[in-house]
Each structure stands twice: as C-alpha cells, then as structure tokens.
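Coordinates in review
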Amino acid sequence: MKKLLIGIVVIAVVLAALLIGAPGLVGKQAEDALRASFDTIEQAGVYKVTVTSYERGWFSSTATSTIEPLGQLADSYDMIMAEFGLPSNDKTWKLTHRLTHGPLLLAGGAPGLGLAQARTEVTPPSDLLQVLAAYLGGSALFTVDTRYGLDGGSHTELTNPPFTGMLENGGSVRWDGIAATLITDGKQVQYDLRSPMLRVETDQNMMMIDSITWTGEQTLHGEHLWLGQSGFAIPDIRFHTPEAGENRFEDITYRADLVRDAAGRIDAASELRVSGGLAGGAEIGETAWTVSLSNLPADAMEQFLAAYGSTTRSLAETGTDPGPALEQLSEKITALFDGQVEFKFAVLSDLEAPDTVVKGDMEIAVAADERGMRVDLRQMVRAFKSDELELTDTTAQLSLTGLNGQALASLYREVLAASTSGLTPEQQEQRVGLAYALSLPALITPDTRLDLNNLTLNVPEGTATATASLGIEGDDPLNVLLPVSIVTRLEGTLSARASESAVLWAVSRDTLDTIRASLEETGREVTDDAVEQLAQTAARGRVNGMLAQALIRREGDDFVVDATLRNGMLVLNGVPRPDLLGGQ
C-alpha cells in the first residue's frame, strides 16, 4: 500500500509539473501557430498582415497585429466607402490577441487539452470606426475565439454584435449580427458563416437581406491552391429607391467547385442562380450564370497563384514599376493553357416585362490544345420581344477553329504591357490599337475555319434558316503582313432560305423609321398603319430589285441564297459575280 501511495504521489507531482511547466514550454508554439495562420492569409496576395507586438508570458501572451487589403480589394474598399460618401484614408484593421497557453484549457468553451486558446478583437479602420461608434458602443466589431489543438489544427468561432436602432437621418436599421465557424488543420478547412437579417430603412429607401449562409470545405494542394467546394445562399433580397423602384431577388445561390484528377489536371466550375424576382419592373424567372474551366494543369495553377501573391505584395510594398512583374505574371497565365484546356460560359435567362421578354440560354466554349484554339457559340432563344422584334425557338451554332494560340498570347501580353506602361490613356489606346492591327491577322492560320450551323430564325411573319462555312485554301503559311493575300485564299459556302413574309418584314423594318421621319418633316399626320403600309410597299420594290439582280432567287413561297467563294471568285445563285468583290 505504501509503495502504491508513493507511486500515486509521484504521478501527481509529475502531472502537476507538466500542468505548471508546460504552458511556458508551449507558449512559443502558440506564437508560431498564430504567425503561421497569418502567413496562410498573406499567401493569397490580397492582404498584408503585420505582427506589431508580441509579449509572451508563462501562462498567457498578448499580441497586436494589423491587416490591410491590397490591390483590387483595396480599390473595392475605396469604392464602397466613396459610394456612401465616406473617406478611406485609413485601410488598416487592428487586431488585439489574448492567448492562454495549454495543454489544459479551461476557459472559452468546454474544458479540454490544446496548444493554446486565443481571443481576437477586431477594430475597423479609423474612418469606418467613427461611423460605427454609436453602433458598437465600445465593443469590438468582430470577436474571434480560436482553440489551437495539440495536433496543429484549430477551431475558430467568430461573432459580431447585433444592433437595432435609429440612424442619424431618421431611418432605422436592424442587424442580427454574424456567427461563423472555421475548422482547419493547415491542409484542410471547413467554414460556415451565417448572418440572419439586415434591414435598413429611411423615408424613401429600403434594403433588406433576409439571411446569408456561406459554407465551404477545401483542401490545400501544394502551398497556394485550395481544392474543394464553397458557396452561399440568400433566400431573399429586397430594396426600394425612388430611382430604381421596387426590386427583389429570391433564392439566390452560388457554388464553386475545384477538383483535381489523378493526372494532375484541374476542373473548376461556378454557378450563380436566381429562382425569381422583380427588377426594374420586369418579372424575373429562373436565371443562371455558369462558368467553367476544364483540364488546367495543377502545377501551372500553383505557380500562377504563387506569382500572383508575390506580385501583389511586392507592388503594394515597394510601389515599383508593375510592367516587368505583370509581364512575368502573364507568362504564368499563358502556361495555364498548355494542353487541351476548355473554357465555358453559359447564361440561362427568363425575364418578362410589359415591353420586353427574354427567355433562353447561351453557351460560349473556348478550347486550346497543341493544334490551336477553338471557339464555339451555341444560343437558344425560346422567346424574345423588344420594340418591334419578336422571336420564338430561335437557334444558332457558330464555331471558329484553328486559331493561332501563340499569337493570341502575344496580343494579351502586349495589351497588358500597354496598360501598365505608365503611358497616358491616349497613348495606351494607340499602342493597343497597333497591337490589334498587327496581331489579329496573325491569329489566322491555314487551319482556321468559321462554321455557322443550324441557324433558325422564327418571327411571327415567317421563318429563316442558314448554314455557312469559311476557311483558307492550301497549307502554305499565310503572309500576315499582306492581308489581301489572305483574302484571295478564302473559300466558303452559304446556303440560306427565308419565307417571303419574313423577308418583306425584315426589309420593311429598314425603311420604317426613314418613312416616318420624312412624313413628320412635312407636318402630315399619318397613322401607324399607314406608315406600315408604305414600308411594305417600299420593301416589295426593294425585294423585286434584288430578284432582278439575282441577289436572291425564288423557290415556291421562299427566297433562297446560295453562294460559293473559291480562288477569288464569288458565285451567287449560280452566277459569277466578280463585281461584288471589287472586280469588273
């Protein structure tokens, strides 16, 4: 029994020594963990983080730091402050940290083991603090509680005080605050941010955001590239101003995904979707914008993100000439498109107003590989109505293939260099214009081809269809310094058909405004029906003239156009027409 008692005492003494001595031993580790989190924030290249003081004690430490937006984020902050008529001379956010050292953590949540526990209070820049002083009442704008685990991970809770009250201008505000959670081990991160309600109201203006939920789960690849998914959801946004009237947007969702396959290629996709609402007096149905990039090289993406972060920080800190740095950054961007990379942009629209209807979708895809670049456009208009134009079930597919990707990259670098050269806006415009004039012909190769497929145009007056193709004859290199030599090598076909009623309607639109303006000049009052009748009569005369010149030909109730271009000769509806190409 005595030996057992001695053993218990020894164990108790050792544990006591650990509990008393360990906090001092892990204090340095706690500081390293805090600084490491700042390094992670700085890697993105959009913030500058500085530890201004650190006083490490045995059981606890205190520290202060600052965080400042860089680049476009700083510009956005300036714009937001200016929008509200506020200065933004100071952009520095101040952070005060109070750390309790582990391994035994008793405060700030359930007791347990950990490396350290930190409470951070965030104070906004001085210009913004003056505006928020009444709202904050001496409290911190954000309070952040973080527990650093013994395994290197951390669990963070962020809160923001709610506020309901009156504004100086007599309006009212309701703000239910923010609550957020962030869990990370340095290589993986999960976050969840929730803001229940924001409502600001004055005599004539109102803005309400029902709630915001922002979640994500990502994994760090390399040192800069975060893979995974993130997104936000807003059930309802409403605002009203005398100028814009009543506006609302319902069930707004956004999602972004980055995935990496076994071959080291990355697919990235994002989608913003609105289920319905009202904007400018127009009813909005389901509307979505989708952007995707496929088959990007992960290593090139990592290098680009590293270059972007270092370039942004360097320019912000030194203020040196951005030209060389951005030139190097453009090379990193170009390297992203090494291989079969595809970019897609799609829009789904559903809008209906008293005078306008837009329902349909469009997709643009750009693919790049060792053979060149390809651009595909597909459009489907289920319904369109604006002014006097009305379309239904209209489709079009356009493909441009065989473009010189190196020439496009060269053009991009030249435009980037011009924009960062320090030249005046007029000089930049001249330099960019010259770059376009020299580079655009170089985009064309002997493999370049333009194809128009399945164009179907439906208007209430009739239907029109068309297919077309245009390419380059031969395999010899093109002389980009002599564009006329490229024109003589063009070869293509066109086949179009339209109902007589559709042709007469289209031609009459071209003369309608002219006839109306002429009649108004004479002071005569003529009804819209009379103007329409005169336009139809003029259109028939023009169409008959086109038939006489064999620019179009009749097949039953339709007008048809067939054309071929080869060896510098245009054949229109079976008749050679050198006069249309500037010949005799």
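Residues numbered from 1 in each chain as written. Predicted model: local features only at pLDDT ≥ 70, side-chain atom pairs only at ≥ 80, totals over all residues. Heavy atoms only, no water.

**A word on the overall build of the chain**
Here is the rule: Comment: elements are numbered from the N terminus, with helices defined as DSSP H or I runs of at least four residues and strands as E runs of at least two. Each residue gets one of three labels from its accessible area relative to the maximum for its type: buried under 20%, exposed over 50%, partly exposed in between, using a 1.4 Å probe on protein chains only. For this analysis, residues touch if any pair of their heavy atoms sits within 4.5 Å. Computed by Shrake-Rupley with a 1.4 Å probe, the accessible areas treat only the displayed protein chains as cover when residues are assessed.
Regarding its fold elements, the chain presents ten helices and 31 strands. A buried classification covers 34% of the 584 residues belonging to the chain. Taking the contacts inside the chain whose residues are at least 6 apart along the sequence as the reference set, 53% of them involve residues at least 24 apart. As displayed, the chain offers around 33000 Å² of accessible surface, 58% of which is attributable to carbon and sulfur atoms.

**As for the pairing of strand β2 (residues 60–69)**
Test applied: We treat two strands as partners when DSSP finds at least two bridges between them.
In this sheet, β2 lies alongside strand β1 (residues 47–56) in antiparallel orientation, the contact comprising nine bridges. Note that in β2 the partner of Tyr-54 across the bridge is Ala-63. Taking the residues between adjacent antiparallel strands as the criterion, β1 and β2 are bridged by three residues. The pairing of β2 with strand β3 (residues 93–101) spans eight bridges and is classified as antiparallel. The partner of Ser-60 across the bridge, within β3, is Thr-100.

**Describing the confidence of the model for the chain**
Under the convention used in this document: Confidence of the prediction at every residue is given by pLDDT, a number between 0 and 100.
Scored by pLDDT, the chain comes out at a mean of 81, with 85% of its residues at no less than 70. Between residues 1–26, whose pLDDT stays under 50, and residues either more than four places distant or in other chains, the model counts 18 contacts.

**Topic: the nonpolar core**
Our working definition: Throughout this description, the term nonpolar core refers to a set of buried Ala, Val, Leu, Ile, Met, Phe, Trp, Tyr and Cys residues connected via side-chain atoms within 4.5 Å.
If you look at the biggest cluster of nonpolar residues, it comprises 24 residues, and the most contacted ones within it are Leu-34, Trp-93, Leu-128, Leu-132, Tyr-135, Leu-141 and Tyr-148. Counting only elements with at least two residues in this core, the list comes to α1 (2–43), β1, β2, α2 (71–83), β3, β6 (116–123), α3 (126–136) and β7 (142–148). If you tally residues by element for this core, the top one is α3, at four residues. Discounting chain neighbours no more than four positions away, the residues touching Leu-128 are Tyr-77, Met-81 and Trp-93. Counting 17 residues, the second-largest nonpolar core is a separate cluster that includes Leu-478, Val-507, Leu-570 and Leu-572.

**Quick look at the packing of aromatic side chains**
The criterion, for reference: Aromatic rings from Phe, Tyr and Trp, taking only the six-membered ring of Trp, are treated as a pair when their centres fall within 6.5 Å; an angle between ring planes under 30 degrees marks them as stacked, one over 60 as edge-to-face, and anything in between as tilted.
In total, this model carries three aromatic pairs according to the counting rule given. Summarising the aromatic geometry, the rings of Tyr-191 and Trp-214 are spaced 5.7 Å apart at their centres and angled 70 degrees between planes, so their arrangement reads as edge-to-face. Of this pair, Tyr-191 sits in strand β12 (residues 188–195) while Trp-214 sits in strand β15 (residues 212–221), and the two are 23 residues apart along the sequence. A residue is classified by how much of its surface remains accessible, and Trp-214, at 41% relative accessible area, is partly exposed.

**With respect to helix α7 (residues 425–443)**
Selection criterion: Each residue after the first adds 1.5 Å to the expected span of a helix.
Between its first and last C-alpha atoms α7 spans 26 Å; for 19 residues at 1.5 Å apiece the expected length is 27 Å, and the two agree. Buried within α7 we find Ala-435, Ser-439, Pro-441 and Leu-443.

**Considering a nonpolar patch on the surface**
The criterion, for reference: Residues with no salt bridge and a relative accessible area higher than 30% make up the patches, which join like charges within 9 Å and nonpolar side chains (Val, Leu, Ile, Met, Phe, Trp, Tyr) within 5 Å. The term salt bridge refers to a pairing of a side-chain nitrogen on Lys or Arg with a carboxyl oxygen on Asp or Glu at a separation within 4 Å.
On the surface, Ile-41, Tyr-47 and Leu-73 cluster together to form a nonpolar patch covering roughly 210 Å² of accessible area. Tracing the backbone shows Leu-73 in helix α2.

**Concerning the packing of helix α9 (residues 500–521) against helix α10 (residues 528–548)**
Operational definition: To get an axis, a line is fitted to the C-alpha atoms, and for a helix only the part in contact is used. The angle between two axes follows their N-to-C directions and goes from 0 to 180 degrees. Roughly parallel covers angles under 35 degrees, roughly antiparallel covers those over 145, roughly perpendicular covers 65 to 115, and oblique covers all other angles. In this scheme, a crossing is called left-handed if the near helix is turned counterclockwise away from the far one by less than a right angle; it is called right-handed if the turn is clockwise. Residue polarity follows a fixed list, in which Ala, Val, Leu, Ile, Met, Phe, Trp, Tyr, Cys and Pro are nonpolar, Asp, Glu, Lys and Arg are charged, and the others, Gly among them, are polar.
Closest axis-to-axis distance for the α9/α10 pair is 7 Å, and the angle between their directions is 120 degrees. The angle between α9 and α10 places the two elements in the oblique class. As for how α9 packs across α10, the hand of that crossing is right-handed. Touching Glu-500, Val-503, Leu-504, Val-507, Ser-508, Arg-509, Asp-510, Thr-511, Leu-512, Ile-515, Arg-516 and Leu-519 of α9 are Asp-528, Val-531, Glu-532, Leu-534, Ala-535, Gln-536, Ala-538, Ala-539, Arg-540, Arg-542 and Val-543, all from α10. The residue makeup of the contact of α9 with α10, split by class, is twelve nonpolar, three polar and eight charged.

**With respect to the pairing of strand β14 (residues 206–209)**
Pairing of strand β13 (residues 198–201) with β14 involves four bridges; the strand directions are antiparallel. Bridged to Glu-201 within β14 is Met-206. Between the antiparallel neighbours β13 and β14 lie four residues. Where β14 lies against strand β16 (residues 225–241), four bridges are found, and the strand directions are antiparallel. Its bridge partner lying in β16, Ile-209 is registered against Ile-237.

**Overview of the environment of Pro-477**
Examined against the element boundaries, Pro-477 turns out to sit in the loop between β26 (462–472) and α8 (483–487). Look at Pro-477 and you get exposed, because its relative accessible area is 73%. Sequence separation between Pro-477 and Thr-445 is 32 residues; the distance between their C-alpha atoms is 7.3 Å. Sequence-distant contacts of Pro-477, defined by excluding residues within four places in its chain, comprise Pro-446 and Arg-489.

**With respect to the side chain of Ser-195**
Its place among the elements puts Ser-195 in strand β12. Classification of Ser-195 as buried rests on a relative accessible area of 7%. The contact partners of Ser-195, leaving out residues within four places of it in the chain, are Trp-175, Gly-177, Ile-178, Ser-211 and Ile-212.

**Details of α3**
What counts here: Directions are taken from the helix axis to each C-beta atom, and the arc is the one they span.
Among the residues of α3, those classed as buried are Asp-127, Leu-128, Leu-132, Tyr-135 and Leu-136. Here the buried residues of α3 occupy an arc of 155 degrees about the axis, which is enough to place them on one side. Within α3, the exposed residues directed more than 90 degrees away from the buried face are Gln-130 and Ala-134. Positive backbone phi, at 55 degrees, marks Gly-137, one or two positions downstream of α3.

**Observations regarding the pattern of salt bridges**
Where side chains of opposite charge bring their charged atoms close, a pairing between them can arise. Enumeration according to the criterion identifies 27 salt bridges in this entry. Here Asp-176 and Arg-174 are joined by a salt bridge, their closest N and O atoms 3.0 Å apart. Bridged by salt links that share partners, the residues Arg-449, Asp-451, Glu-473, Glu-491 and Arg-566 form one connected network.

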